[in-house]
Every structure is written in structure tokens, then in C-alpha cells.
Amino acid sequence: MELSHLKDIDRNHIWHPYTSITNPPIIYPVSHAEGVYIHLADGRKLIDGMSSWWCTIHGYNVPQLNEAACKQIDKMSHVMFGGLTHEPAAQLAERLLGLLPMQLNKIFFADSGSIAVEVAMKMAIQFHAAHASSPISEAASAPSRTKFATIRSGYHGDTWHAMSVCDPVNGMHGLFGSSLPVQFFLPQPKSRFGHEFDPHDIEPLKSLLSEHSHEIAALILEPIVQGAGGMYFYSPEYLRAAATLCKEHGVLLIFDEIATGFGRTGRMFALEHAQVVPDIICIGKGLTGGYMTLSATIAQEHVAQGISQSPSPAFMHGPTFMANPLACAVASASIDLLLASPWQDRVHNIAVAMLSHLSTLSNTKGVACIRVLGAIGVVELDEPVDMQRIQPMFVDAGVWIRPFGNLVYIMPAYVITEDELSRLCEALVGVVREYLQN
Ligand code: PMP
């Protein structure tokens, strides 16, 4: 297809994420991607700092993942999961059971991160609606428990209930207003990761649960790292205290590890920083190495038992592409590849290098804060970034970095080399400096 024709079709007919279709921003056609490089159709080659919204943990066009996809597509790319099952799903389940804390053992394969969150929320509602007696508390189950609690500045997805637990200010509550379910929002914990925990941080949750726990089905959190809501790293102590309180009040704890899972924070799952096992966990993004969309919601036995003891014991969700064999096969290959690699050392080295490069911006006027955790490097600016201005600057500097709000951040693939990472960071630092000077 002629490049100009592609651009015309795109501009006139295709929606992009969070953009106006009538006044679209600049969009760059991509011809292919390889390793940590995105090749633009105009011939330019960019070092990818985004891992395609944090999921291509092994980079692009990975031989082992290509092979898994080709092998599986020759057998079947899809078959319905209602009444049928298959080896790719069982093999992936076996791998996940080996990676997750052993209590998390009932797996629901869904089709995207947002849907995994919807599924977790539905599980929590069905669990409480079931009047089941539960190991977390005899008084735990109550049909009136239909609300959710969360902390501010979170992000859990763009579907309806997922959106309702996103930050009410920087999320989409303003737009969708009263059509969104009303949830309980707690302040973001002030205690940062790696700093001393201030016990005051947990007080709002304590008061909320003592007053409203009878209405609350679950507390949903992104453990340790709040991603799209602000790239904020908070104390594992908060999670430990929250888990204890939830248990006391019969409120389920849901961890959304869609962004943090598969090594991004330096641990396989962020929950390992806190040694807390939630009742339900959501994973996605890096699950398939970013090859295709697949997510999973995994519950503890008592949640599954609770749901099953209701008068209608079925869990009521069943998407068309549930446990898609192609995605499951690639996900298993991605996990094998991750486990066979020195991923912990790689993530550690990425963290060290990012900190050293990004810290050079620390005293720059307009820079509020630099923070790094695992393979996540963040430069927080004082003011929101003008995307129309800064995006072409990054592309001209040979990197793909896509800031949001006042956050310029990178989450490279774990396979990035030292030299590629230096070039990525230098470009980031150079562009931010130039941007802030003008
Ligand atoms: N939860 C978290 C923590 C996320 O970061 C995201 C995606 N950025 C989602 C949920 C939603 O995932 P998806 O975009 O695959 O629906």
C-alpha cells in the first residue's frame, strides 16, 4: 500500500487510543519491529522505550515466540472453550501455577487486562452474593457487598467497572459521571517504596472498613507500582497492613498485576516485595510477551468454593476468545523464554543504568522528581507535557517514548543492551532538557 494512502485511510477512518478522530495528532506508520527497534515506514529506526505499553518484555519478532505461534496455528488458532479444552490452555495453566503463590490456583483466561479486572470484580460480587461461609471470615459473605474500594491515582482499565476504580480525577469519571458505579476512594499512600512506612497511611482504610465493610466486596490495588494513574511506587508495608485489614473485615483483596507481572519490578510479581497473597490476582500484558492479547484472573480456592456454593454455582463470564490456543501457546513460550533468561540480572542492570542516566536531570528546572524501580524509569515534570511538541522531538532523536500527563517514562524490553539503553536514556535526557529550555 502506498504510504500516503495508508495515512489517508488512517486519518479519515481509524480511531487511535485516547484521540479525537476529527482532529488526530501526528501518527507514525510502522513497517516492522525487531528486537528493541521499531522501524517506521519512512525508513527511520527508533529504539523502543515503551515495550508497546509495557508488554513486549522480550522485544519484537522473537524467534522462539514466532515458532510457538506458527506451530500452534498449524494445529488450530482458535476453538471455543465452552465444553472443550486443549493442551495450550493446560500447559499455560501449569506454568502459571508454578510461578504464582500456591494459594492462587483457579485460573480464568480472559482476553485483555480490562476484562481480567472485570472478571475479578464479578468474582468478588458473586463470592459475596453466594452467602458462602469462607475461611477469610464466617461473616464475610453478604449480598449487599457490591462496592469496591481502591486508592487514588490507580488505573485498572477502560471497561465500565474497571474504569469505576480508576482515579476519579485523572481517570474518566468526569466524562462518564453518574453512569459509573460509585466506589470508595482512599488517599494514595504517602510512604514511598524504599522509604520508611508511615502508619498513618493505613488509617483511611481502617476507618473505611470499620464503617462500610458490609457494603464492600473487595479492595482492588495495583501492588507497589501504580502505572497509568501516575507511575508511583509505594511501600510494601501498605499492602501488608491492607491485607490484614481486609481479612479482618471479610473484604476480598484483588491485586491488579497486569503492568507489574512478569518481572517488571525486579520480582516475578510485585506481590513478592510485600509477601502478600491476594484473594484474586489479574495478569496480562507481558503474559504473551506482548504478542497478542491474553489475560488471566486467578483466584484462591476459597473464592472459587464460595462462588460455587451459591444457588447458581457457575461463574458467569465466558468470552468468545477465552483461552485462545494461539495466545496460550505463545504465552507458554514467553514464560519459558523468560525463565531461561537471566531476567533478574537484566532488570537490575536496567534499573542501575536508568538511575544513573536519568538522575542527571535531577536539578533541572521543570523536573519534579526522578524515580526508578526495576525496569521502570520515570521523570516527573512540574507541568503536563505538550505531546504535539515533544513526540516529534523524541522521534527525531531516534527513540520511541510516549509520555502522559507530566510523566516522561521508559519501560524497555529486558533484552535491551547496555549500549541501546544508554542511547535511549541519553535521547530522553537530551529531549527533556531541550523541551524544558524552550
Ligand atoms: N490494569 C493495569 C494496571 C494496567 O496497566 C492496564 C493497561 N495499561 C490495564 C489494567 C488494562 O489492560 P488492557 O489495556 O489490556 O485492557
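This structure is a prediction, so every number in the text was calculated from the model and none was measured.

Asker: What am I meant to see in helix α11 (residues 301-308) here?
Answerer: Along an α-helix, residues three or four apart share an orientation, since each turn contains 3.6 residues. Of all the positions in α11, only His-302, Val-303, Ala-304, Gly-306 and Ile-307 are classed as buried. At its buried positions, α11 is contacted by β4 (104-110), α5 (113-129), β10 (252-256), β11 (280-283) and β12 (295-300).

Asker: Explanation requested: the pattern of salt bridges in the structure shown.
Answerer: If charged atoms from side chains of opposite charge come close, those side chains can pair. Inspection of the entire model under this criterion finds eleven salt bridges. Its salt-bridge partner being Arg-44, residue Asp-396 comes within 3.2 Å of it at the nearest N-O pair. Taken together, the residues span a long stretch of sequence, with Asp-396 in helix α14 (residues 387-396) and Arg-44 in the loop between β2 (37-40) and β3 (45-48) at a distance of 352 residues. Given a relative accessible area of 63%, Asp-396 falls into the exposed group. Connected through salt bridges with shared partners, the residues Asp-42, Arg-44 and Asp-396 form a single ionic network.

Asker: Explain the pairing of β3 to me, please; I cannot follow it from the model alone.
Answerer: The side chains of a regular strand alternate, first on one face of the sheet and then on the other. One ladder, built from three bridges, connects β2 with β3; its direction is antiparallel. When the sheet's bridge partners are listed, Ile-38 is paired in β3 with Leu-46. Counted between consecutive antiparallel strands, the loop separating β2 from β3 contains four residues, among which Gly-43 sits at a positive phi close to 100 degrees. Bridge analysis of β3 against strand β15 (residues 399-400) gives two bridges, and the strand direction is parallel.

Asker: Just to check I follow, could you spell out the site of the ligand for this structure?
Answerer: Around the ligand, the neighbouring residues are Trp-54, Ser-112, Gly-113, Ser-114, Tyr-155, His-156, Gly-157, Glu-222, Asp-256, Ile-258, Ala-259 and Lys-285. With respect to the ligand, the side chain of Ser-114 contributes an N or O atom lying 2.6 Å from an oxygen atom. In the environment of the ligand, a nitrogen atom lies 2.9 Å from a nitrogen or oxygen atom belonging to the side chain of Lys-285. Across the complex, the protein chains shield 82% of the 400 Å² of accessible surface that the ligand would expose by itself. Here the residues of the shell around the ligand sort into four nonpolar, five polar and three charged.

Asker: So what exactly am I meant to see when it comes to a nonpolar patch on the surface here?
Answerer: Together, Met-1, Leu-6, Ile-9 and Ile-14 give the surface a local cluster of nonpolar side chains, amounting to about 370 Å² of exposed area. When you line up the elements, Ile-9 lands in helix α1 (residues 3-13). Residue Ile-9 is classed as partly exposed on the basis of its relative accessible area, which comes to 30%.

Asker: Would you mind showing me how to read the sheet that holds strand β14 (residues 376-381) here?
Answerer: The strands that make up a sheet are held in pairs by hydrogen bonds between backbone atoms, and each pair lies either parallel or antiparallel. Judged by pairing direction, the sheet is antiparallel, and its three strands sit side by side in the order β13-β14-β16 without closing on themselves. For this open sheet the edge positions go to β13 (367-373) and β16 (407-410), each flanked by a neighbour on one side alone. Direction aside, neighbouring strands of the sheet carry axes that sit 10 degrees apart on average. Here β13 pairs with β14 via six bridges, running antiparallel. Each bridged residue has a counterpart across the sheet, and for Arg-371 the counterpart in β14 is Val-378.

Asker: How should the UniProt feature "modified residue: N6-(pyridoxal phosphate)lysine" (unreviewed entry) in the protein chain be read in this particular structure?
Answerer: Sequence positions flagged by UniProt for "modified residue: N6-(pyridoxal phosphate)lysine" (unreviewed entry) are, in local numbering, Lys-285. Looking at the element boundaries, Lys-285 is found in the loop between β11 and β12. You can call Lys-285 partly exposed: its relative accessible area is 27%. The contacts of Lys-285, once residues within four sequence positions are left out, are Trp-53, Trp-54, Cys-55, Ile-258, Ala-259, Gly-290 and Leu-294. There is a polar contact of 3.1 Å between the side chain of Lys-285 and the backbone oxygen of Trp-53.

Asker: Would you take a moment to explain the nonpolar core for this structure?
Answerer: Soluble globular proteins tend to bury their nonpolar side chains together. Core analysis: the largest hydrophobic core is formed by 131 residues, its most contacted members being Leu-219, Tyr-238 and Phe-262. In terms of residue count, helix α15 (residues 418-437) provides more of this core than any other element does, nine residues in total. Other than its neighbours up to four places away in sequence, Phe-262 contacts Ile-57, Leu-96, Leu-99, Met-268, Phe-269, Ile-283, Gly-284, Gly-286, Leu-287, Ile-335, Leu-338 and Tyr-414. Within the second largest apolar cluster, eight residues are counted, among which are Leu-65, Leu-326, Ala-333 and Leu-337.

Asker: Would you mind showing me how to read the sheet that holds β4 here?
Answerer: Judged by pairing direction, the sheet is mixed, and its seven strands sit side by side in the order β4-β12-β11-β10-β7-β5-β6 without closing on themselves. The open sheet has two edge strands with one neighbour each: β4 and β6 (184-186). Neighbour-to-neighbour, the strand axes of the sheet open up by a mean angle of 20 degrees, direction not taken into account. Alignment of strand β5 (residues 147-151) against β6, held across three bridges, turns out to be parallel. Paired with Ala-149 across the two strands is Phe-184, which belongs to β6. Strands β4, β5, β7 (216-221), β10, β11 and β12 of the sheet are contacted by α5, whose axis makes an angle of about 25 degrees with β12. Sheet strands in contact with helix α8 (residues 203-212) are β5, β6 and β7, and its direction is about 155 degrees off that of β6.

Asker: Would you take a moment to explain the packing of aromatic side chains for this structure?
Answerer: A complete count under the given rule lists eight aromatic pairs for this structure. With centroids separated by 5.9 Å and ring planes inclined at 85 degrees, the aromatic side chains of Tyr-234 and Tyr-238 adopt a geometry described as edge-to-face. The buried category is assigned to Tyr-234, whose relative accessible area is 0%. What makes Tyr-238 buried here is its relative accessible area of 1%. Ring-pair connections join several aromatic residues into one group, and the members of that group are Trp-54, Phe-404 and Tyr-409. A cation over an aromatic ring shows up here: Lys-45 above the ring of Tyr-37, its NZ or CZ 4.3 Å from the ring centre. We note Lys-285 situated over the ring of Trp-54; from NZ or CZ to the ring centre the distance is 4.7 Å.

Conventions and cut-offs
Residues numbered from 1 in each chain as written. Predicted model: local features only at pLDDT ≥ 70, side-chain atom pairs only at ≥ 80, totals over all residues. Heavy atoms only, no water. Buried < 20%, exposed > 50% of the residue type's maximum accessible area, 1.4 Å probe, protein only. Helix = DSSP H or I, 4+ residues; strand = E, 2+ residues; numbered from the N terminus. Contact = heavy atoms within 4.5 Å. Salt bridge = Lys/Arg side-chain N within 4 Å of Asp/Glu carboxyl O. Pairing = 2+ DSSP bridges. Near = heavy atom within 4 Å. Polar contact = N/O pair within 3.5 Å; in protein donor to acceptor, adjacent residues only side chain to side chain. Areas by Shrake-Rupley, 256 points an atom, 1.4 Å probe, with all protein chains shown as cover. Nonpolar A, V, L, I, M, F, W, Y, C, P; charged D, E, K, R; others polar. Patch = residues over 30% accessible without salt bridge, like charges linked within 9 Å, V, L, I, M, F, W, Y side chains within 5 Å. Axes fitted to C-alpha atoms, helices over the stretch in contact; angles between N-to-C directions. UniProt positions renumbered as here; feature names shortened; annotations may be inferred. Core = buried A, V, L, I, M, F, W, Y, C linked by side-chain atoms within 4.5 Å. Phe/Tyr/Trp six-rings, centres within 6.5 Å; stacked < 30°, edge-to-face > 60°. Lys NZ or Arg CZ within 6 Å of the ring centre and 35° of its normal.

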